[in-house]
Amino acid sequence: MNIKFHSHIVVLGLILSGCAGHMPQTADEFRQEAPSAFMGMVEKFEVDRSYTEVGKSFQTMAPQCLDVRIKTTSQTNMSYQVIVTKWNPTVKITDQRAELHIQQLHEKGVLNVYEVPDKGYYTMVIDAIPVGKNSSQIVMYRSSVGNKALVKAIKGWAAGKNIGCPDLTA
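Residues numbered from 1 in each chain as written. Predicted model: local features only at pLDDT ≥ 70, side-chain atom pairs only at ≥ 80, totals over all residues. Heavy atoms only, no water.

Undergrad: Report on the sheet that holds strand S5 (residues 121–132), specifying residues and quantitative values.
TA: Within the open sheet, the six strands sit side by side as S1-S6-S5-S4-S3-S2. Their pairing is antiparallel. Each edge of the open sheet is held by one strand with a lone partner, namely strand S1 (40–47) and strand S2 (69–75). Going across the sheet, the axis of each strand differs from the next one's by a mean of 20 degrees, ignoring polarity. (Pairing = 2+ DSSP bridges. Helix = DSSP H or I, 4+ residues; strand = E, 2+ residues; numbered from the N terminus. Axes fitted to C-alpha atoms, helices over the stretch in contact; angles between N-to-C directions.)

Given below as structure tokens:
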């Protein structure tokens, strides 16, 4: 994974934290703060699947693909950095929607200046909301930069396409 990707996560975190010195501690806080963040965005689209089917895809693919620990290194002639990040997906299915929360816990190489939620900083929250018997609106709260492979994979999972796991190091 390159340093550019980590810098996007750090920048989004700082933006979401604002001047108050706060990082979202829950998925609900992330949903509230992401739309107004400088590099935050909300993306919406529909799929021809029920929210429970979307949720089942999330339940299958998220643990398989996103419950990982990634070690990255970067080196210049002046510095050497090792970052170990544990990715933590959580899937919740209720009678109103299916949710996928993606958190990253930096275990080594990142100085945390704000309170870190139990499973790490929220980097993305995805909701599948029913709009009909066999269709759902997908709402992705995320950064507008980086994560292209992850976004593509989640869109595929939501649509019922078997596109496999994203390269989280890209």
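Undergrad: Account for the pattern of salt bridges, with residues named and values stated.
TA: Overall, the coordinates contain nine salt bridges when judged by the stated rule. For Arg-31, the salt bridge is made with Asp-28, and the minimal N-O distance between the two is 2.6 Å. Of this pair, Arg-31 and Asp-28 both sit in helix H2 (residues 27–33), three residues apart, which is roughly one turn of that helix. Its relative accessible area of 10% is what places Arg-31 among the buried residues. Given the relative accessible area of 45%, Asp-28 is considered partly exposed. As a salt-bridge pair, Asp-67 and Lys-86 come within 2.2 Å of each other at their nearest N and O atoms. One end of the pair, Asp-67, is in the loop between helix H3 (51–66) and S2; the other, Lys-86, is in strand S3 (residues 80–93), and 19 residues separate them in sequence. (Salt bridge = Lys/Arg side-chain N within 4 Å of Asp/Glu carboxyl O. Buried < 20%, exposed > 50% of the residue type's maximum accessible area, 1.4 Å probe, protein only.)

Undergrad: A description of the pairing of strand S4 (residues 98–108) should follow, citing residues and the corresponding values.
TA: In terms of burial, S4 is a largely internal element, eight of the eleven residues being buried. Pairing of S3 with S4, which is carried by ten bridges, proceeds in the antiparallel orientation. Across the sheet, residue Val-84 finds its bridge partner in S4, namely Lys-108.

Undergrad: Tell me about the pairing of S5, and please be specific about residues and values.
TA: For S4 and S5, the ladder comprises seven bridges, and the chain directions are antiparallel. Among the inter-strand pairings, His-101 is bridged to a residue of S5, identified as Val-125. Here seven bridges tie S5 to strand S6 (residues 135–143), and the two strands are oriented antiparallel to one another. Paired with Ala-128 across the strands is Ile-138, a residue of S6.

Undergrad: Describe in detail the state of the cysteines, supporting the description with residues and values.
TA: A complete count under the given rule lists one disulfide for this structure. In this model, Cys-65 is linked to Cys-165 through a disulfide, with the two sulfur atoms separated by 1.8 Å. With the S-S dihedral at roughly -70 degrees, the linkage between Cys-65 and Cys-165 falls on the left-handed side. Here Cys-65 is found in helix H3, whereas its partner Cys-165 is found in the segment after helix H4 (148–159), with 100 residues between them in sequence. Assessed through its relative accessible area of 5%, Cys-65 is described here as buried. When its relative accessible area of 42% is taken as the criterion, Cys-165 is described as partly exposed. (Disulfide = S-S within 2.5 Å.)

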